[in-house]
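# Topology and contacts: notes
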Amino acid sequence: MRKVISFMHITLDGFVSGPNGELNWAKVDQELFGYVGNRIKNGDTALYGRTTYQMMESYWPTAGDKPNATKHDIEHSKWYNNVHKVVLSKTLQGIDKPNTTIISENIVEQINEIKKQKGEDILLFGSPTATHSLIQQNLIDGFWLFVNPIILGQGVSLYKDINDKMNLKLLPTTRQFSNGVTELNYEVERQ
């Protein structure tokens, strides 16, 4: 069965964005872009909450076509246009976009159906609200965290409204990047 893996930039104190959704603290550079690009290039399904999806849709479909597009823009735009996108949203119902499925109800059943399909693991990109919901419904199978060397003190916590303990197993793919970001990969240990 496929797994849902939460891909998230996070601060040392557990925030995934600032109080107003800011991500200007996340350290990204060519080394990190190249590494992530290599890890996701075989991915076939991306999961988003509505806000993150709309942000992605406003940039990535044409990012690789721009005259000043970077190598990362070109490669990620191509990947984004080809990947199947699953969006959790109650307000985007009825939108018909290629390679896109909108889930607005029966989230547990529909995500579990997608997990049963053939393919690679399902990467949940950012999307803190969707991540909170999926954690609460026991649908997250792992975390791919990029811990940034910063303490914000306030913002949107990755760990918001978690009511039950989650046992995690650290996978041996931990890596530190030259910009100070540390990648941590965890698998949720099910009882």
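Okay, so let's go over this structure. Predicted, not measured: the structure shown is a model, and the values here were computed from it.

## Some thoughts on the pairing of strand β11 (residues 182–188)
With six bridges connecting them, strand β7 (residues 142–148) and β11 associate as antiparallel partners. Paired with L145 across the strands is L184, a residue of β11. Looking at chain direction, strand β9 (residues 168–170) and β11 are connected through three bridges and run antiparallel. Note that in β11 the partner of K169 across the bridge is E187.

## Quick notes on the pattern of salt bridges
Counted according to the given criterion, the structure contains nine salt bridges. One salt bridge connects K71 with E75, and the closest N-O pair in it is separated by 3.9 Å. Here the residue K71 and the residue E75 both occupy positions in helix α4 (residues 71–82), the gap between them amounting to four residues, near one helical turn. Ionic pairing is found between R190 and D141, a salt bridge with its closest N-O pair at 2.7 Å. Placement of the pair is R190 in the segment after β11 and D141 in the loop between α6 (128–136) and β7, with a sequence separation of 49 residues. Overall, the relative accessible area of 38% leaves R190 in the partly exposed class. It is possible to trace a salt-bridge network through shared partners that takes in K115, D141 and R190.

## What to know about unusual backbone geometry
One non-glycine residue, N138, lies in positive phi territory at about 60 degrees. Here N138 lies in the loop between α6 and β7. Notably, D161 is not glycine yet its phi reads approximately 55 degrees, a positive angle. In this structure D161 comes out as partly exposed when scored by relative accessible area, which is 47%.

## A few points about the packing of aromatic side chains
Given two aromatic rings, their pairing is described by the distance between the two centres and the angle made by the two planes. A full pass over the atoms with the stated rule returns eleven aromatic pairs. Between Y35 and F177, the ring centres sit 5.2 Å apart and the planes meet at 70 degrees, which makes this aromatic pair edge-to-face. Of this pair, Y35 sits in helix α1 (residues 30–40) while F177 sits in the loop between β10 (175–176) and β11, placing them 142 residues apart in sequence. Relative accessible area serves as the criterion here: at 17%, Y35 is assigned to the buried category. The class for F177 is buried, based on a relative accessible area of 3%. Ring centres 5.3 Å apart and planes at 50 degrees place the aromatic pair W144 and F146 in the tilted group. Residue W144 is classed as buried on the basis of its relative accessible area of 2%. Taken together through their ring pairs, the aromatic side chains of F7, Y35, Y48, Y53, W79, Y80, F125, W144, F146 and F177 make up a single cluster. We note R39 situated over the ring of W144; from NZ or CZ to the ring centre the distance is 4.0 Å. The lysine or arginine in question, K85, covers the ring of Y80, its NZ or CZ lying 4.4 Å from the ring centre.

Reading guide: rules and limits
- Residues numbered from 1 in each chain as written.
- Predicted model: local features only at pLDDT ≥ 70, side-chain atom pairs only at ≥ 80, totals over all residues.
- Heavy atoms only, no water.
- Pairing = 2+ DSSP bridges.
- Helix = DSSP H or I, 4+ residues; strand = E, 2+ residues; numbered from the N terminus.
- Salt bridge = Lys/Arg side-chain N within 4 Å of Asp/Glu carboxyl O.
- Buried < 20%, exposed > 50% of the residue type's maximum accessible area, 1.4 Å probe, protein only.
- Phe/Tyr/Trp six-rings, centres within 6.5 Å; stacked < 30°, edge-to-face > 60°.
- Lys NZ or Arg CZ within 6 Å of the ring centre and 35° of its normal.

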